[in-house]
Amino acid sequence: MKLFFLAVGLALIAPVLLRAQSAYVPANSDYFHLVERYEIKRGKFSEGLHLSSRPLARKGVANLADSVLASGRALSPVDRFNIFYLLNDNSEWADTTDNRSRRPIFKTFYQTKTDLFRVSTKDFDLHVSPVLHLTAGNSNED
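The rules behind the values
- Residues numbered from 1 in each chain as written.
- Predicted model: local features only at pLDDT ≥ 70, side-chain atom pairs only at ≥ 80, totals over all residues.
- Heavy atoms only, no water.
- Pairing = 2+ DSSP bridges.
- Helix = DSSP H or I, 4+ residues; strand = E, 2+ residues; numbered from the N terminus.
- Core = buried A, V, L, I, M, F, W, Y, C linked by side-chain atoms within 4.5 Å.
- Buried < 20%, exposed > 50% of the residue type's maximum accessible area, 1.4 Å probe, protein only.
- Contact = heavy atoms within 4.5 Å.
- Axes fitted to C-alpha atoms, helices over the stretch in contact; angles between N-to-C directions.
- Parallel < 35°, antiparallel > 145°, perpendicular 65-115°, else oblique.
- Left-handed = near helix turned anticlockwise from the far one by under 90°.
- Nonpolar A, V, L, I, M, F, W, Y, C, P; charged D, E, K, R; others polar.
- Phe/Tyr/Trp six-rings, centres within 6.5 Å; stacked < 30°, edge-to-face > 60°.

Trainee: Help me understand the pairing of strand β1 (residues 117-120) in this model?
Mentor: Consecutive side chains of a regular strand alternate in pointing toward one face of the sheet and then the other. As judged from the 4 bridges shared by β1 and strand β2 (residues 125-128), these two strands associate in the antiparallel manner. In the sheet register, F117 faces β2, and the bridge partner there is V128. In this antiparallel pair of consecutive strands, β1 and β2, the connection spans 4 residues.

So, in structure tokens, the structure goes:
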């Protein structure tokens, strides 16, 4: 009976404590600036990505970054870094990415650079990237 109440309690508390990533990119002016820059650099409008409507879909951003990389245009080192940033941030939709980790831990954790644990199948995609909120302090009062 205790196990039942514990399970019900966790089921009620978990949605408050856990956060999920959206299918949209963060509402961040720097992120939007990168996406707009690479659509301009590409020289034509992207299919499936409409910059006039917000929020932007991750799939469209990944397709844009893939197409800029595949276009063969000369990219500066900064542009290449930013393109791979967009690809890694939207890696579940990207065709080209360097997201594979060189040294995964126990061949299970950090197989990709961006996720602690990841499972990808045809119908299911799970990314686990916990964020710890740790604080410390002291007082000089007696």
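Trainee: How should the nonpolar core be read in this particular structure?
Mentor: Side chains that are nonpolar tend, in soluble globular proteins, to be buried together. Counting 21 residues, the largest nonpolar core has V35, L56 and V61 as the members making the most contacts within it. Those elements that place two or more of their residues in this core are α2 (29-42), α3 (58-70) and α4 (77-89). Here the element with the most residues in this core is α3; it accounts for 6 residues. Excluding residues that lie within four positions of it along the chain, L56 makes contacts with A23, Y24, V25, F32, V35, L49, H50, L51 and V61.

Trainee: Would you explain the side chain of E39 in this entry?
Mentor: On the secondary structure map, E39 appears in helix α2. Non-local contacts of E39, meaning those with residues more than four positions away in its chain, are made with K44, F45, S46, L49, L51 and L64.

Trainee: Quick question: what am I supposed to make of the packing of α2 against α3 here?
Mentor: The geometry of a pair of packed helices is captured by two quantities: the angle between their axes and the separation between those axes. Across the interface, α2 lies against α3 with an axial gap of 10 Å and an inter-helix angle of 45°. Regarding the angle of α2 to α3, the classification is oblique. Relative to α3, the crossing made by α2 is left-handed. Counting all contacts with α2, which are made through Y31, V35, Y38, E39 and R42, the residues of α3 involved are R58, V61, L64, S67 and V68. A class-by-class count of the residues in the contact of α2 with α3 yields 6 nonpolar, 1 polar and 3 charged.

Trainee: Whenever I open this one, the packing of aromatic side chains confuses me. Can you help?
Mentor: Each pair of aromatic rings is reported with the distance of its centres and the angle of its planes. Across all of its chains, the model carries 1 aromatic pair by this definition. Between Y31 and Y85 the ring centres are 6.0 Å apart and the planes differ by 65°, which places this aromatic pair in the edge-to-face class. Residue Y31 is found in helix α2, and its partner Y85 is found in helix α4; the two are separated by 54 residues along the sequence. Overall, Y31 belongs to the buried group, its relative accessible area being 3%.

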